[in-house]
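If you want the building blocks of each chain, they are given just below.
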Amino acid sequence: MAGYKVIFHIDENNKWNLLLRNVSNLINAKNSDQVDIEVLANAEAVKYYDISQDLDTDIESLESLHKKGVKFIACNNALKAYNIKKENIFEFVDVVPAGVLELVVKQNEGYAYIKP
Amino acid sequence: MAGYKVIFHIDENNKWNLLLRNVSNLINAKNSDQVDIEVLANAEAVKYYDISQDLDTDIESLESLHKKGVKFIACNNALKAYNIKKENIFEFVDVVPAGVLELVVKQNEGYAYIKP
Amino acid sequence: MAGYKVIFHIDENNKWNLLLRNVSNLINAKNSDQVDIEVLANAEAVKYYDISQDLDTDIESLESLHKKGVKFIACNNALKAYNIKKENIFEFVDVVPAGVLELVVKQNEGYAYIKP
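Read on for an overview of the structure.

Criteria and thresholds
- Residues numbered from 1 in each chain as written.
- Chains lettered and ligands numbered in written order.
- Predicted model: local features only at pLDDT ≥ 70, side-chain atom pairs only at ≥ 80, totals over all residues.
- Heavy atoms only, no water.
- Contact = heavy atoms within 4.5 Å.
- Buried area = accessible area lost by both parts, 1.4 Å probe.
- Salt bridge = Lys/Arg side-chain N within 4 Å of Asp/Glu carboxyl O.
- Polar contact = N/O pair within 3.5 Å; in protein donor to acceptor, adjacent residues only side chain to side chain.
- Helix = DSSP H or I, 4+ residues; strand = E, 2+ residues; numbered from the N terminus.
- Nonpolar A, V, L, I, M, F, W, Y, C, P; charged D, E, K, R; others polar.
- 1 Å grid on protein atoms, 1.4 Å probe; cavity = no way out; pocket = protein on both sides within 12 Å on 5 of 7 lines; lining within 4 Å.
- Points joined across faces, edges and corners; volume = space filled by probe spheres on them.

### A few points about the interface of chain B and chain A
Interface extent is often summarised as the accessible area lost during association of the parts.
Phase 1: Of the residues lining the interface, 17 residues belong to chain B; the matching set on chain A comes to 16 residues.
Phase 2: Where chain B abuts chain A, roughly 1,300 Å² becomes buried across the two surfaces, and 67% of that area is made up of carbon and sulfur atoms.
Phase 3: Three residues stand out in chain B for area buried against chain A, namely Y4, N25 and I114 of chain B, and they jointly supply 32% of the buried area on that side.
Phase 4: Summed over the shared surface of chain B and chain A, the number is zero salt bridges.
Phase 5: At the surface where chain B touches chain A, the tally comes to three residue pairs in polar contact (both at pLDDT 80 or more).
Phase 6: The dominant element in the side of chain B that touches chain A, judged by the number of residues it contributes, is helix α1 (residues 16-29) of chain B, at five residues.
Phase 7: Here the side of chain B that touches chain A is composed, by residue class, of 11 nonpolar, two polar and four charged.

In structure tokens form, the structure reads like this:
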């Protein structure tokens with residue numbers, strides 16, 4: 001077996017600290033090369049990726065986890081709903097057209113789903 | 001592959017607007033004939049199906065999504081717990097004896113799980 | 001097919017009553033020997049297992065469900081974060097090193113995921 005795959009789902013900004021701790025704990029439990037981790041933000045949670053918002057974003061943790069292979073994703077429907085410009089979100093964040101479709105596709109590919 | 005299957009889980013009334021946006025976004029991303037969508041409401045969230053409650057239910061969206069093939073389901077344990085009569089819930093809502101069992105059975109059949 | 005398997009995830013103490021009702025409803029819907037049920041608590045939700053906290057823990061329900069085969073699990077990262085001593089948690093509670101890893105491993109083994 002190749003390793004574990006998991007997609008974390010977040011749609012509330014007040015869950016980001018909890019989510020980042022969850023992801024760190026998972027990486028500490030398994031070596032990061034043994035687990036594929038994706039973090040999918042939709043609804044208001046995409047604001048956390050936007051440097052121009054005043055959300056106390058823990059950029060250090062995001063960058064550190066990204067360097068360990070964690071993929072951070074933003075839902076484009078949500079970016080549009082909150083008038084967030086793509087040039088304002090961190091460059092290591094990927095954008096997908098529809099966050100919910102990403103959640104479905106990944107689970108279909110065998111990813112576990114965790115909603116902190 | 002036949003298409004995607006997903007069950008949305010809701011147990012809090014203040015999540016309905018978010019959930020309905022999620023479902024709409026999914027249908028706009030995939031044609032509705034390529035994805036089977038079920039919305040399973042248990043706990044207090046079943047009240048949203050009851051016209052006699054004063055919950056600002058977005059009936060138009062429910063009906064429009066239903067016409068596009070989305071199945072809306074209510075947990076009968078929850079209906080009983082809140083003394084909701086079946087004749088008071090919208091006629092396009094299906095009732096299952098236990099919502100949690102439906103969540104397990106559907107995931108077992110390959111449905112993805114999303115909890116907005 | 002051998003039966004259903006499901007892992008319930010809880011990380012907020014105010015969700016325990018809802019979760020325990022969910023688990024009871026599932027057992028009432030299927031005989032308890034036809035469904036493997038695990039309850040995984042991480043983050044603040046592990047406090048509920050600690051008799052020394054003042055959380056109105058419904059010990060009777062926990063014990064009754066445990067006797068019906070439900071496995072209650074605590075995340076050790078969370079126990080450490082909240083300075084909870086293992087000797088203070090109920091003896092029928094099992095401890096895993098990382099709750100999120102347990103969630104991934106179980107889903108990989110075919111467990112359904114439910115987050116009340």
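What follows picks up the thread again.
### Thoughts on the layout of surface pockets
Phase 1: Estimated volume of the largest pocket: approximately 340 Å³.
Phase 2: Considering the residues around the largest pocket, the lining is formed by 17 residues, among which Q107 of chain A, Q107 and Y111 of chain B together with Q107 and Y111 of chain C are closest to the centre.
Phase 3: Of all the secondary structure elements, the ones that give two or more residues to the lining of the largest pocket are α4 (99-108) of chain A, α4 (99-108) of chain B together with α4 (99-108) of chain C.
Phase 4: Top contributing element to the lining of the largest pocket by residue count: α4 of chain B, with three residues.
Phase 5: Among the residues forming the lining of the largest pocket, the class breakdown is seven nonpolar, nine polar and one charged.

By themselves, these figures tell us nothing about what the structure is for.
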